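Examination of the molecular architecture
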Amino acid sequence: MNFKSIKISSAAIFILSILSGCGTMDQRADLTYEKIVNAKGGSGDIYMAKPLETHNAARKPSGVLMLGMVKETDRDVVTGDSISDWVMLAMLQELYTAGYNVKTVKGLPDNVSKGIAVSVAAISADQDSDFVAIKTVSNMKISIQLWKDGKNVKSLTFDAGNEEKGVDRSAEPISKSLQKTLQNIMKQLVPEIVRVLQ
């Protein structure tokens, strides 16, 4: 094998590794949120306990949370952000817009007039790539308990997902897909809160 064929082979391997998304660096997603629901009809104080994380996403030794994987590679989809804080901030935005004066607490007080206890039951995000495009799929499940005058009046679970397709092989499509997934849950959840607690 001469030098020219070695150079061509090395270039081919390099190009294939880029196209297939190979590499050892994890895809690190930022958890962001933009208000979307614009529900109306809420009023008065509403207490919201800090969301619990009951999902089974594993935490890596580095401290980041593993949400899924980039298929056919040794890369994971991870985030260094707090899932609990992300969900809480999304709910704060939507509930304020709906008309509530939201008060965040560690736990709901006894005889709470209006209260919400939230649990993030599942969350995942995966990427799958080929030579042309990349597909990002995210899913999420949130359970809530609604309290009124000190009583649990309703328990609900909301599921949602999102799929993004394109040529961007960075972590940005993952962040975008996760945001849309949470927005899809809020579209179901917030109107139901208003309906039950008003």
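Further up the page is the structure itself.
A brief structural summary. In this text the structure is predicted, and so the values were computed from the model without any measurement.

A look at the environment of Ser 155
Inspection of the secondary structure puts Ser 155 in strand E10 (residues 151-166). Sequence separation between Ser 155 and Ile 116 is 39 residues; the distance between their C-alpha atoms is 9.8 Å. Contacts of Ser 155, omitting those with residues within four sequence positions, involve Ile 144 and Gln 145. Among the polar contacts made by the side chain of Ser 155, one reaches the side chain of Asn 152 at a distance of 3.5 Å.

With respect to the side chain of Thr 73
Tracing the backbone through its elements, the reader meets Thr 73 in the loop between strand E5 (65-69) and strand E6 (76-79). In this structure the side chain of Thr 73 is engaged in a polar contact, spanning 2.7 Å, whose partner is the backbone oxygen of Val 70.

Some thoughts on the pattern of salt bridges
Under the definition given, this model contains seven salt bridges. One salt bridge connects Lys 50 with Asp 85, and the closest N-O pair in it is separated by 2.4 Å. With Lys 50 in the loop between strand E2 (45-49) and strand E3 (52-53) and Asp 85 in helix H2 (residues 83-98), this pair connects stretches of sequence that are 35 residues apart. Take Lys 50: its relative accessible area is 38%, and that puts it in the partly exposed class. According to the relative accessible area criterion, Asp 85 is partly exposed, its value standing at 32%. What emerges from the salt-bridge pattern is a single network uniting Asp 26, Lys 60 and Asp 76.

With respect to a negative patch on the surface
On the surface, a cluster of negative charge is contributed by Asp 30, Asp 81, Asp 168 and Glu 172. Mapped onto the fold, Glu 172 is located in helix H3 (residues 172-197).

A word on the sheet that holds E6
An order of E1-E6-E5-E4 is seen for the four strands of this open sheet, with the pairing classed as mixed. Whereas interior strands pair on both sides, the edge strands pair on one side only; in this sheet they are strand E1 (27-28) and strand E4 (58-59). Examined bridge by bridge, E1 and E6 share two bridges and lie parallel to one another. Its bridge partner being in E6, Arg 28 is matched across the sheet by Val 78.

Conventions we followed
Residues numbered from 1 in each chain as written. Predicted model: local features only at pLDDT ≥ 70, side-chain atom pairs only at ≥ 80, totals over all residues. Heavy atoms only, no water. Helix = DSSP H or I, 4+ residues; strand = E, 2+ residues; numbered from the N terminus. Contact = heavy atoms within 4.5 Å. Polar contact = N/O pair within 3.5 Å; in protein donor to acceptor, adjacent residues only side chain to side chain. Salt bridge = Lys/Arg side-chain N within 4 Å of Asp/Glu carboxyl O. Buried < 20%, exposed > 50% of the residue type's maximum accessible area, 1.4 Å probe, protein only. Patch = residues over 30% accessible without salt bridge, like charges linked within 9 Å, V, L, I, M, F, W, Y side chains within 5 Å. Areas by Shrake-Rupley, 256 points an atom, 1.4 Å probe, with all protein chains shown as cover. Lys, Arg positive; Asp, Glu negative; His and termini not counted. Charge placed at Lys NZ, Arg CZ, Asp CG, Glu CD. Pairing = 2+ DSSP bridges.

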